[in-house]
Amino acid sequence: MTNLIIAALLLFLLGLAYQQGWSRSQAVATATGTRLHSRPVYHGALAAVWVLVPAVLVLGLWTAIGPDMTRNFILSQLPPDIAALEGNALNSAVARIMALSSGSGVAGTVEPYEAAAAQALDQFRLLSYLVVIGAAAGTGVLALLLVRRRIVPRLRARNEIEMVVRLALLACSAIAVLTTFGIVASLFNEAIRFFTFVNPLDFFFGTVWNPGFATTGTGAVGQYGILPLLWGTVMVAAIAMLVALPIGLMTAIYLSQYASRRVRDVVKPIIEILAGIPTIVYGFFALVTVGPALSGFGQAIGIDIRSTSALTAGLVMGIMIIPFISSLTDDILRQVPISLRDGSLGLGATPSETIRRVLLPAALPGIVGAFLLAVSRAIGETMIVVLAAGNSPVLRANPAEPISTVTVTIVNQLTGDSDFAGPQSLVAFALGLTLFVMTLGLNVFALYIVRRFREQYE
Amino acid sequence: MDMMAGKFAANVTPLEEGMSLSDHPIRLEARDVCVHYGAKQALYDVSIDIPDRAVTAFIGPSGCGKSTFLRCINRMNDTIEGARVTGRIALDGEDVYDRSLDVVELRARVGMVFQKPNPFPKSIFENVAYGPKIHGMVRNKAEAEEVVVSSLKRAGLFEEVKDRLHEPGTGLSGGQQQRLCIARAIATRPEVLLMDEPCSALDPIATAIIEELIDELRENFTIVIVTHSMQQAARVSQKTAFFHLGKLIEEGDTANIFTNPAKKQTQDYIMGRIG
């Protein structure tokens with residue numbers, strides 16, 4: 001409610017500032033009889049920006065210091081014996097009063113001092129909101145008055161607005177970059193905390209994954225060898241690529257070189273639908289259909305294939321990746337200039353010779369790039385392996401047995417009760433960081449190769 | 001008209017002493033060739049005889065169908081979706097559109113050089129050896145080298161590239177690339193060489209070198225060249241065919257076409273009034 005009021009107030013201020021800037025600029029121009037440098041809309045927009053900035057700064061300041069001030073106020077209202085509490089006990093006492101004040105209710109009986117404190121908090125909140133709204137509106141109006149004075153015919157309002165827009169665009173693009181850095185930093189931070197519990201050497205080179213249960217305070221640490229998980233990840237990804245690469249490549253060759261336009265117009269969108277299916281759907285497709293089918297097939301030929309295994313997960317993941325490879329490779333093959341194809345055909349090469357000896361070699365860097373991007377997707381894929389790989393973090397070579405991957409283990413370690421104090425949950429960050437470094441490396445390498453390919457024909 | 005005639009007459013390559021075009025046997029014979037791209041007709045009833053061991057030039061303004069007709073001869077139009085060719089084109093009396101004819105074999109006999117130099121992204125050596133290799137014409141490295149060297153020599157490129165045969169063909173200059181493509185085309189020992197505006201992407205000096213080369217190649221190949229440059233047609237060809245709006249307007253000895261055209265359209269084009 002209060003937020004809505006603030007938003008409405010800001011909007012009103014903005015509208016007022018825009019209108020004032022607009023009309024003031026015209027009035028100034030008429031009065032002095034000179035031509036405006038910028039059209040009135042720019043003066044209006046500039047006034048609005050100048051009003052918005054201080055008001056937003058005031059609100060931002062309150063968001064930053066408000067919660068601390070509120071907490072200090074509550075503490076000042078508590079009896080000395082309660083205020084002397086520490087840690088969780090104090091936090092829960094404060095939380096009870098905030099819950100009472102906001103009317104969401106608390107468990108157990110309400111002590112008289114709690115009710116009194118809650119009432120005082122209500123008043124404090126009302127007062128602080130009024131102060132904040134007043135301050136925001138006040139600075140806004142003040143800014144408007146100042147800005148009105150600035151408006152003269154030669155004011156370069158358009159240039160200033162263009163600068164503001166440029167800054168806004170820069171800020172938007174900075175968000176993605178900063179988020180990436182923030183995620184990496186937090187991964188690093190928590191991973192380093194994990195390595196205070198577990199020796200990095202044991203983590204990166206350990207062959208046993210047995211984290212034990214999160215029993216805080218027992219001192220039991222468990223074993224955190226990442227190798228079984230990495231092995232599982234690599235095995236599933238390798239099986240997936242064994243499925244996806246040949247099928248995807250052949251599909252791309254057919255679509256780009258042999259298919260008539262009519263066939264392509266029908267087939268290509270259908271293949272791309274494969275890429276749009278949510279991975280969880282592939283997951284239960286693997287669990288319910290492919291796993292049992294593989295297992296039955298194994299029985300028929302006398303091989304023991306478990307229904308949830310690296311094979312099942314890899315097979316389904318491969319199907320998921322086919323459109324990724326076929327689509328990228330199709331685009332890359334079409335980028336090879338038609339004159340090369342004609343040149344080869346004109347020498348009496350068959351279409352097949354042309355594809356094998358001219359088109360594929362010319363497109364090879366691009367295809368390698370597509371392949372690496374697909375591998376990094378396979379490594380990061382989660383839902384299919386959660387459901388269909390069997391979740392068995394043991395180092396073994398048989399793909400027909402259950403395995404576990406890095407992604408699956410992260411899911412396991414973070415679901416359920418986790419307090420982020422022990423290695424059992426912190427290990428997720430170390431695993432995430434490892435995964436991130438792997439996929440980042442592959443992506444950078446793939447982009448490098450794809451870029452080199454592009455330069456070749458431009 | 002007399003002024004124009006004088007201008008071109010000096011350029012026309014004369015036939016060998018005491019020889020007329022009619023002494024050259026007919027190599028290629030086209031009768032009533034029509035080409036449709038989808039619903040659009042690009043070529044109307046073209047009939048022409050192309051003499052052996054001489055250069056025949058197709059001239060005409062852009063979009064007149066001369067390249068389309070050229071691409072019919074080695075059936076490169078097959079690669080264009082929706083293209084349909086009717087009529088008869090015979091190479092040594094054999095219909096190239098006959099069902100029994102293998103298009104791969106045809107293209108080995110009828111080489112082609114394209115408008116834009118299109119060397120493969122391979123080494124100079126591999127570019128020239130490509131055709132002989134896929135046709136099984138060379139059995140080992142020594143034979144391949146022999147073919148590559150002799151083809152490059154005939155294309156007048158060998159001296160310039162002999163020290164870098166294993167460097168990429170795409171690293172050569174435009175004119176060198178085009179001569180590389182000519183070497184690549186003659187390496188498969190074709191009987192007919194089709195050239196689709198081979199000099200349009202080249203500077204005047206590279207153009208002069210290629211024209212000289214075409215004149216030399218005429219001793220061993222039947223050459224058909226498409227060009228938008230009338231001067232080029234006059235310089236290199238013995239027979240000229242003028243195309244306009246998909247129709248073959250006039251054909252004959254180059255000297256005749258440029259000095260004494262029978263049709264008004266040909267005359268207008270040569271005088272620079274159309275195109």
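Residues numbered from 1 in each chain as written. Chains lettered and ligands numbered in written order. Predicted model: local features only at pLDDT ≥ 70, side-chain atom pairs only at ≥ 80, totals over all residues. Heavy atoms only, no water.

Participant: Could you clarify how one ought to interpret the overall build of chain A in this entry?
Facilitator: For chain A, the helix and strand inventory stands at 16 helices and two strands. Taking 2.2 N^0.38 as the reference for a compact globule, 458 residues should give roughly 23 Å; the C-alpha atoms of chain A span a radius of gyration of 32 Å, well beyond that estimate. As displayed, chain A offers around 24,200 Å² of accessible surface, 68% of which is attributable to carbon and sulfur atoms. Chain A carries 28 positive and 23 negative side-chain charges, and their two centres are separated by 17 Å. (Helix = DSSP H or I, 4+ residues; strand = E, 2+ residues; numbered from the N terminus. Rg over C-alpha atoms; globule rule 2.2 N^0.38 Å. Areas by Shrake-Rupley, 256 points an atom, 1.4 Å probe, with all protein chains shown as cover. Lys, Arg positive; Asp, Glu negative; His and termini not counted. Charge placed at Lys NZ, Arg CZ, Asp CG, Glu CD.)

Participant: How do you make sense of the overall build of chain B when you look at a structure like this?
Facilitator: On a plain count of helices and strands, chain B comes out with 11 helices and 10 strands. Taking 275 residues into account, the globule formula puts the C-alpha radius of gyration at 19 Å, and chain B, at 19 Å, falls close to it. Projected onto its principal axes, the C-alpha coordinates of chain B cover approximately 55 × 45 × 35 Å. Expressed as a percentage of its 275 residues, the buried residues of chain B come to 55%. Intrachain contacts of chain B at a sequence separation of at least 6 include 68% that bridge at least 24 residues. Surface accessibility of chain B: about 11,900 Å² in total, with carbon and sulfur atoms responsible for 48%. (Buried < 20%, exposed > 50% of the residue type's maximum accessible area, 1.4 Å probe, protein only. Contact = heavy atoms within 4.5 Å.)

Participant: Before we go on, may I ask you to explain helix α7 (residues 174–186) of chain B in this structure?
Facilitator: For an α-helix, 3.6 residues make a turn, and residues three or four places apart therefore share a direction. All names here are of chain B. A rise of 1.5 Å per residue sets the reference length of α7, with its 13 residues, at 18 Å; its end C-alpha atoms lie 19 Å apart and thus fit the reference within 8%. By the criterion of burial, α7 is predominantly enclosed, with 12 of the 13 residues buried. All of the buried residues in α7 are Gly-175, Gln-176, Gln-177, Gln-178, Arg-179, Leu-180, Cys-181, Ile-182, Ala-183, Arg-184, Ala-185 and Ile-186. (Expected span 1.5 Å × (residues − 1).)

Participant: In this structure, what is going on with unusual backbone geometry? I would like to understand it.
Facilitator: Trans peptide bonds make up the majority, and among non-glycine residues the majority have a negative phi. Residues and elements named next belong to chain B. Look at Asp-45: it is not a glycine, yet its phi comes out positive at around 45 degrees. Even without being glycine, Leu-245 reaches a positive phi, approximately 50 degrees. With respect to the secondary-structure elements, Leu-245 resides in the loop between β9 (239–244) and β10 (247–253). Classification of Leu-245 as exposed rests on a relative accessible area of 61%.

Participant: Teacher, can you tell me more about the UniProt feature "transmembrane region" (unreviewed entry) in chain A here?
Facilitator: Residue and element names in this part refer to chain A. Mapped onto this numbering, the UniProt entry annotates "transmembrane region" (unreviewed entry) at residues 43–65, 126–147, 167–188, 229–255, 267–290, 310–329, 358–379 and 426–450. The annotated region residues 126–147 carries 100% helix and 0% strand content, and the separation between its end C-alpha atoms amounts to 31 Å. Between the end C-alpha atoms of residues 167–188 the distance is 30 Å, and the span holds 100% helix and 0% strand. (UniProt positions renumbered as here; feature names shortened; annotations may be inferred.)

Participant: Mind showing me how you'd approach a nonpolar patch on the surface here?
Facilitator: All names here are of chain A. On the surface, Ile-273, Ile-277, Ile-280, Val-281, Phe-284, Leu-287, Val-288 and Met-383 cluster together into a nonpolar patch covering about 630 Å² of accessible area. A total of five residues in the nonpolar patch trace back to one element, the largest contributor, which is helix α10 (residues 279–301). Within the secondary structure, Val-288 sits in helix α10. (Patch = residues over 30% accessible without salt bridge, like charges linked within 9 Å, V, L, I, M, F, W, Y side chains within 5 Å. Salt bridge = Lys/Arg side-chain N within 4 Å of Asp/Glu carboxyl O.)

Participant: For this particular structure, what's the right way to read the interface of chain A and chain B?
Facilitator: Interfaces are frequently sized by the accessible area removed from exposure as the parts join. Contacts between the two partners involve 22 residues from chain A and, on the opposite side, 23 residues from chain B. The interface formed by chain A and chain B holds one salt bridge in total. Two residues, Arg71(B) and Asp342(A), come together in a salt bridge whose shortest N-O distance is 3.5 Å. For the interface between chain A and chain B, the tally reads six residue pairs in polar contact (both at pLDDT 80 or more). Those elements giving two or more residues to the side of chain A that touches chain B turn out to be α9 (261–276), α12 (338–346), α13 (351–380) and α16 (423–457) of chain A. With eight residues, α12(A) is the single largest residue contributor to the side of chain A that touches chain B. (Polar contact = N/O pair within 3.5 Å; in protein donor to acceptor, adjacent residues only side chain to side chain.)

Participant: Help me understand the pairing of β9(B), please; the structure alone is not making it clear to me.
Facilitator: On a regular strand, one side chain projects to one face of the sheet and the next to the other, so that they alternate. Residue and element names in this part refer to chain B. Counting buried positions along β9 yields six of six residues, so the element is predominantly enclosed. Residues Lys-239, Ala-241 and Phe-243 of β9 are buried on one face, and the alternating residues Thr-240, Phe-242 and His-244, pointing to the opposite face, are buried as well. Here four bridges tie strand β3 (residues 55–59) to β9, and the two strands are oriented parallel to one another. Its bridge partner being in β9, Ala-57 is matched across the sheet by Thr-240. Of the pairings in the sheet, the one linking β9 to β10 comprises six bridges and is antiparallel in character. (Pairing = 2+ DSSP bridges.)

Participant: What is the right way to read the state of the cysteines from this model?
Facilitator: Disulfide: a covalent bond formed between the sulfur atoms of two cysteine residues. All names here are of chain B. Here the structure, examined in full by the defined rule, presents zero disulfides over all chains. Here Cys-181 is not cross-linked by a disulfide; its sulfur's nearest cysteine counterpart is in Cys-199, at 12 Å. Taking relative accessible area as the criterion, Cys-199 reaches 7% and is therefore assigned buried. (Disulfide = S-S within 2.5 Å.)

Participant: Can you help me understand the packing of aromatic side chains in this one?
Facilitator: Aromatic ring pairs are described here by two measures, namely the spacing of the ring centres and the angle between the planes. Under the criterion given, the structure shown has 13 aromatic pairs over all chains. Ring geometry for Phe73(A) and Phe124(A): centres 4.3 Å apart, planes at 10 degrees, overall stacked. Taken together, the residues Phe73(A) in helix α2 (residues 40–77) and Phe124(A) in helix α5 (residues 112–150) connect sequence positions 51 residues apart. With respect to burial, Phe73(A) and Phe124(A) carry one shared label: buried. Arranged with centres 5.1 Å apart and planes meeting at 55 degrees, the rings of Phe58(B) and Phe243(B) form a pair that is tilted. Of the two residues, Phe58(B) is situated in strand β3 and Phe243(B) in strand β9; the sequence distance between them amounts to 185 residues. Of the two residues, Phe58(B) and Phe243(B), neither departs from the other in class, the shared state being buried. Every member of this aromatic cluster is reached through a ring pair, and the members are Phe194(A), Phe195(A), Phe203(A), Phe204(A), Trp209(A) and Tyr224(A). In this arrangement the basic side chain of Arg377(A) is found over the ring face of Phe324(A), its NZ or CZ atom lying 5.3 Å from the centre. Its end group placed over the ring of Phe125(B), Lys141(B) keeps NZ or CZ at 5.4 Å from the ring centre. (Phe/Tyr/Trp six-rings, centres within 6.5 Å; stacked < 30°, edge-to-face > 60°. Lys NZ or Arg CZ within 6 Å of the ring centre and 35° of its normal.)

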